[in-house]
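# A structural walkthrough
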Amino acid sequence: MNRELIREKKPSAAPGGLMLVVLLAALIGTVVWLIQSAKTGSGEGVLVSLVLLGITIVALPGLTVVNPNQGRVLVLFGTYVGTLKEQGFWYVNPFCQKRSISLKVRNFESSKLKVNDHDGNPIEIAAVVVWRVVETAEAIFQVDDYENFVHVQSEAALRNLATSYPYDQHVEGQKALRSHTSDVAEDLKKEIQDRLTKAGVNVIEARISHLAYAPEIAGAMLRRQQANAIVAARQRIVEGAVGMVEMALEMLSQKHVVQLDEERKAAMVSNLLVVLCSDQHTQPVVNTGSLYT
C-alpha cells in the first residue's frame, strides 16, 4: 500500500517582535497584579494572577528565530503543521515541536569504490555531489536520516553508472568514463536525482573526482595504453611517409628530373620509407658511380 507523500506547506506565524512586546507587557502586568493582590490579601486576585502568569510563561516558547538558509519544521502533537523558511523573528503555536533543518548548498565526496566497468575490468571511482534540501517535509518525514540517505544512494548510483560505461573508448563514437566526462557527469546527476527525489533533495552537480584502474591490473592497462599510443603514432607516421613518397615520385615524373624503371622506383620507395619511418637516424650511403652499378 503506497502512502501519500507529506508535502511542504507554509504555517501561520505572527511577527515575533510584536508578540514579544505583548508577552513582556503581560508578564510585567501579571507580576505587578500578583504583588498587589498579595499585599491586599485578595485570594481571588492572587489565584487569577498566578493562572495568567502561568499562561504567559507557557506562551513564551512560541518565539522562534529563523536564520538565512534555514528552516523550522513545526509538528503539533504528531501532526505536521508547516515549515518556516522566511528568515526573521516569528511567533508560532508554543506547543509545536520545532526542528531546525539546513537549506544551504552542501557537498560531499564519496569514498573510492572498487567496481567493474562495462568491460568487466576492475576500476576505482569516486564522485563529488553538490546538493541541497528543497522539500523539508519529505526530507524529515519520508526518510529516516536524509543526510545518510544522500550518501548511500549517491554511492549506489555511482556503482551502477560505472558498470554502464567502459573505462576507455575502444570503438569510435563509444562513450567511456575517461573520454566523455561531461556526458558521464550528466548521467550521474540524473541517476542520483532520481534516487533522492523522494527525500526532497535537489542535486545541483555530480562529477567524477577519481578514476583509475584497480592496482592489480593498473600495470597491464598502462602497457596496453602505451601500446595503443605507439600503434597510433606509427600509423600516422606511415600515412605521412607514404604521402611524401607518392609526392616525391610524382614531382620527379612531372619535372622529368630522372627516369626510373619499376625496379628503381621500388628501391627508391623502400629507401624513403626506411628513412621516414625509422625511429633512429639513418646513415646515408653516397653512390658515386652509375645508377645501375
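Above this text you will find the structure in question.
Just so it is clear, the structure is predicted and the values come from calculations on it, not from any experiment. (Residues numbered from 1 in each chain as written. Predicted model: local features only at pLDDT ≥ 70, side-chain atom pairs only at ≥ 80, totals over all residues. Heavy atoms only, no water.)

### Here's the deal with the overall build of the protein chain
Note the cut-off: In this description a helix means any DSSP run of H or I spanning at least four residues, a strand means any run of E spanning at least two, and both kinds are numbered starting from the N terminus. Remark: exposure states derive from per-residue accessible area (1.4 Å probe, protein chains only) relative to the maximum for the residue type, with buried under 20%, exposed over 50%, and partly exposed in between. We call two residues contacting when some pair of their heavy atoms lies within 4.5 Å. Areas reported as accessible are Shrake-Rupley estimates using a 1.4 Å probe. Residue values count occlusion only from the protein chains shown.
Each helix and strand counted, the protein chain has 7 helices and 10 strands in total. Out of the 293 residues in the protein chain, the part that is buried amounts to 30%. A fraction of 67% describes how many contacts in the protein chain between residues 6 or more apart in sequence connect residues 24 or more apart. Counting every atom, the protein chain has about 18500 Å² of accessible surface; 56% of that belongs to carbon and sulfur.

### Structural notes on the packing of helix α1 (residues 16–40) against helix α2 (residues 43–59)
Where we set the bar: All axes are obtained by fitting lines to C-alpha atoms, using only the stretch in contact for helices, and the reported angles, taken between N-to-C directions, cover 0 to 180 degrees. Throughout this description, any angle smaller than 35 degrees is read as roughly parallel, any larger than 145 degrees as roughly antiparallel, any in the 65 to 115 degree range as roughly perpendicular, and the remainder as oblique. Crossings are classed by handedness, with left-handed meaning an anticlockwise turn of the near helix from the far one by less than a right angle and right-handed meaning a clockwise turn. Under the scheme applied, nonpolar residues are Ala, Val, Leu, Ile, Met, Phe, Trp, Tyr, Cys and Pro; charged residues are Asp, Glu, Lys and Arg; polar residues are all the others, including Gly.
In contact at an axis separation of 9 Å, α1 and α2 are set at 155° when each is read in the N-to-C sense. With respect to α2, the axis of α1 lies roughly antiparallel. Crossing of α1 against α2: the hand is left-handed. Note on element contacts: α2 touches α1 through Gly45, Val46, Val48, Ser49, Leu50, Leu52, Leu53, Thr56 and Ala59, opposite Leu23, Ala26, Leu27, Thr30, Val31, Trp33, Leu34, Ser37 and Ala38. Taken together, the residues of the contact of α1 with α2 sort by class into 13 nonpolar, 5 polar and no charged.

### Describing the pairing of strand β4 (residues 79–84)
To keep it simple, the criterion reads: Strand pairing is assigned whenever DSSP identifies at least 2 bridges connecting the two strands.
Pairing analysis gives 5 bridges linking strand β3 (residues 70–76) to β4, with the strands arranged antiparallel. Its bridge partner lying in β4, Leu74 is registered against Gly82.

### Some words on the packing of aromatic side chains
Which entries qualify depends on this criterion: Two aromatic rings from Phe, Tyr or Trp, using only the six-membered ring of Trp, form a pair when their centres are within 6.5 Å; if the ring planes differ by under 30 degrees the pair is stacked, by over 60 it is edge-to-face, and anything between is tilted.
A complete count under the given rule lists 4 aromatic pairs for this structure. When the centroid spacing of 5.4 Å and the interplanar angle of 65° are considered together, the rings of Tyr80 and Phe141 count as edge-to-face. With Tyr80 in strand β4 and Phe141 in helix α3 (residues 136–141), the pair connects residues that are 61 residues apart, well separated along the chain. For the ring pair Tyr167 and Tyr213, a centre distance of 3.9 Å and an interplane angle of 35° mean the geometry is tilted. With a gap of 46 residues between them, Tyr167 in the loop between α4 (146–162) and α5 (181–196) and Tyr213 in strand β10 (residues 201–213) connect regions that are remote in the sequence.

### Some details on the nonpolar core
Inclusion rule: Throughout this description, the term nonpolar core refers to a set of buried Ala, Val, Leu, Ile, Met, Phe, Trp, Tyr and Cys residues connected via side-chain atoms within 4.5 Å.
Ranked by size, the top nonpolar core spans 36 residues in total, and within it Trp131, Val133, Tyr146 and Ile192 carry the most contacts. Broken down by secondary-structure element, the contributors of at least two residues to this core are β8 (113–116), β9 (122–133), α3, α4, α5 and β10. When neighbours within four sequence positions are excluded, Val133 is seen to be in contact with Ile101, Ser102, Leu103, Arg106, Ala139, Tyr146, Gly200 and Val201. The next biggest cluster of nonpolar side chains, apart from the first, holds 6 residues, and it includes Leu74, Leu84, Trp90 and Cys96.

### Brief notes about the sheet that holds β3
Overall, antiparallel pairing links the 3 strands, which are arranged β4-β3-β6 in an open sheet. The open sheet is flanked by β4 and β6 (97–102), the only strands paired with a single partner. Across the sheet, the axes of successive neighbouring strands diverge by a mean angle of 25°, strand direction being ignored.

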